[in-house]
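# Observations on the model geometry
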Amino acid sequence: MNNIETKILEVPGAQLHYEVRGTGPLLLMIPGAPADAGALAGLADGLSDRYTVVTYDQRGLSRSPLTGPAGDQTVAAFSQDAHRLIAALSDEPAYVLGTSGGALTGLDLATRHPEQIRALIAHEPPIPELLPDAAHWRRTFHEVYNTYRSQGPEAAMQRFVATIDGDADAPPPEMPDFSQMPPEALEMMGRIQGNLDYFFDHVLLPVLRFEPDIAALGAAPVRIAVGIGAASPAGVPLNSALVLAERLDTKPIEFPGDHQGLAIDAVTSADIVHAVLA
């Protein structure tokens, strides 16, 4: 196990818990809600011999508590936190990897602060506003929110996962095989339960209204790679990634597994990340 240095960064309205591993150029890795840094622990370990890897919990999640009232969070607010974290860690631009909602943070950061990014990997960003049936997905995700309000977070989470996979009426999905995940990722599974109320109440709908500025991304001096899961179903994350890659005129990079592949097969994923960044 690599040595992990744990720190706190004070930002307006929150305290960001972040973890530092390894040596080399800075690589900031951003998980998607309701997960936290534990989701990327295995990947961080696999890259720490080549990079100074920083993972963190986004504001309001797990170990990054809010210091003010809990209001709706936007991708812009999350990307400002990433901007402040990079600025606190280095005077040089960083490599950035974001997965799921964390990829939205990375894309927004690339338009607002392109000078801070050497290269960005956006792994399966869920962007329903890019899809031709965007109005359908707005209604469908609002039904997830309504399920949360009427039935609670566990029922909403089952509906959310099925909706993300493309079938809101599907039965609850089977749990993935977590046997290869590091202890940090398994510990995170318990913390996620404490994130669900905040996620459904203040993050889900505001974040899924995000639409990246394609023209700004195309004009920015940032090399952007779009990642997809080789086994991902034809749901919102995969379809969004394919549309984004097409709009950016780049070929998608295939990672093992599905939407959770970076955590489930961290060893293979680490080699792919390094090959893309290099």
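Below you will find a few notes about this structure. Computed from a prediction, not measured in an experiment: that's the story for all the values here. (Residues numbered from 1 in each chain as written. Predicted model: local features only at pLDDT ≥ 70, side-chain atom pairs only at ≥ 80, totals over all residues. Heavy atoms only, no water.)

A count of helical and extended segments in the chain gives 10 helices and 8 strands. Relative to a compact globule of 278 residues, whose C-alpha radius of gyration would be 19 Å, the chain shows 17 Å and is just as compact. In terms of overall dimensions, the chain has a C-alpha envelope of 45 × 40 × 35 Å along the principal axes. For the chain, the exposed surface amounts to about 11,600 Å²; the carbon and sulfur share of it is 50%. Between the mean site of the 17 positive side-chain charges and the mean site of the 35 negative ones, the chain shows a separation of 5 Å. (Helix = DSSP H or I, 4+ residues; strand = E, 2+ residues; numbered from the N terminus. Rg over C-alpha atoms; globule rule 2.2 N^0.38 Å. Areas by Shrake-Rupley, 256 points an atom, 1.4 Å probe, with all protein chains shown as cover. Lys, Arg positive; Asp, Glu negative; His and termini not counted. Charge placed at Lys NZ, Arg CZ, Asp CG, Glu CD.)

Before going further, it helps to examine the sheet that holds strand β4 (residues 52–56). Ordered in space as β1-β2-β4-β3-β5-β6-β7-β8, the 8 strands form an open sheet in which the pairing is mixed. For this open sheet the edge positions go to β1 (5–11) and β8 (253–255), each flanked by a neighbour on one side alone. With strand direction ignored, the average angle separating the axes of adjacent strands in the sheet is 25 degrees. (Pairing = 2+ DSSP bridges. Axes fitted to C-alpha atoms, helices over the stretch in contact; angles between N-to-C directions.)

Here the focus is the packing of helix α2 (residues 75–89) against helix α3 (residues 101–112). Here α2 crosses α3 at 70 degrees, and the two axes come no closer than 8 Å. Taken together, α2 and α3 sit at an angle that is classed as roughly perpendicular. Of α3, the residues touching α2 (which contributes V75, A76, F78, S79, Q80, A82, H83 and I86) are L104, T105, D108, L109 and R112. (Parallel < 35°, antiparallel > 145°, perpendicular 65-115°, else oblique. Contact = heavy atoms within 4.5 Å.)

Burial of strand β6 (residues 117–123) is extensive: 6 of the 7 residues sit out of reach of the surface. Relative to β6, strand β5 (residues 94–99) runs parallel, the two sharing 6 bridges. Directly across from T99, in β6, lies its bridge partner H123. Regarding the hand of the β-α-β motif, the stretch spanning β5, α3 and β6 is right-handed. (Buried < 20%, exposed > 50% of the residue type's maximum accessible area, 1.4 Å probe, protein only. Right-handed = clockwise from strand over helix to strand, strands pointing away.)

Glancing now at the nonpolar core. In terms of nonpolar packing, the biggest core is built from 67 residues, with L28, F141, F200 and L204 touching the most fellow members. With 11 residues, helix α6 (residues 183–208) is the largest single contributor of residues to this core. Counting 19 residues, the second largest nonpolar core, distinct from the first, contains L47, Y95, F255 and V273. (Core = buried A, V, L, I, M, F, W, Y, C linked by side-chain atoms within 4.5 Å.)

Further remarks concern helix α5 (residues 153–164). If you check α5, its first and last C-alpha atoms are 16 Å apart, about what 12 residues at 1.5 Å a residue would give, namely 16 Å. What α5 keeps buried is the set A156, F160, A162, T163 and I164. Following α5 by one or two positions, G166 adopts a phi angle in the positive range, close to 105 degrees. (Expected span 1.5 Å × (residues − 1).)

This next bit is on the pairing of strand β3 (residues 26–30). With 5 of its 5 residues buried, β3 lies for the most part within the structure. Covered by surrounding structure in β3 are L26, L28 and I30 together with L27 and M29, the residues of both alternating faces. As paired strands, β3 and β4 are joined by 4 bridges and run parallel to one another. Residue pairing across strands places L26 opposite T52, the latter belonging to β4. As a crossover connection, the stretch from β3 through helix α1 (residues 41–47) into β4 is right-handed. Sheet topology places β3 next to β5; 4 bridges connect them, and they run parallel. Among the inter-strand pairings, I30 is bridged to a residue of β5, identified as G98.

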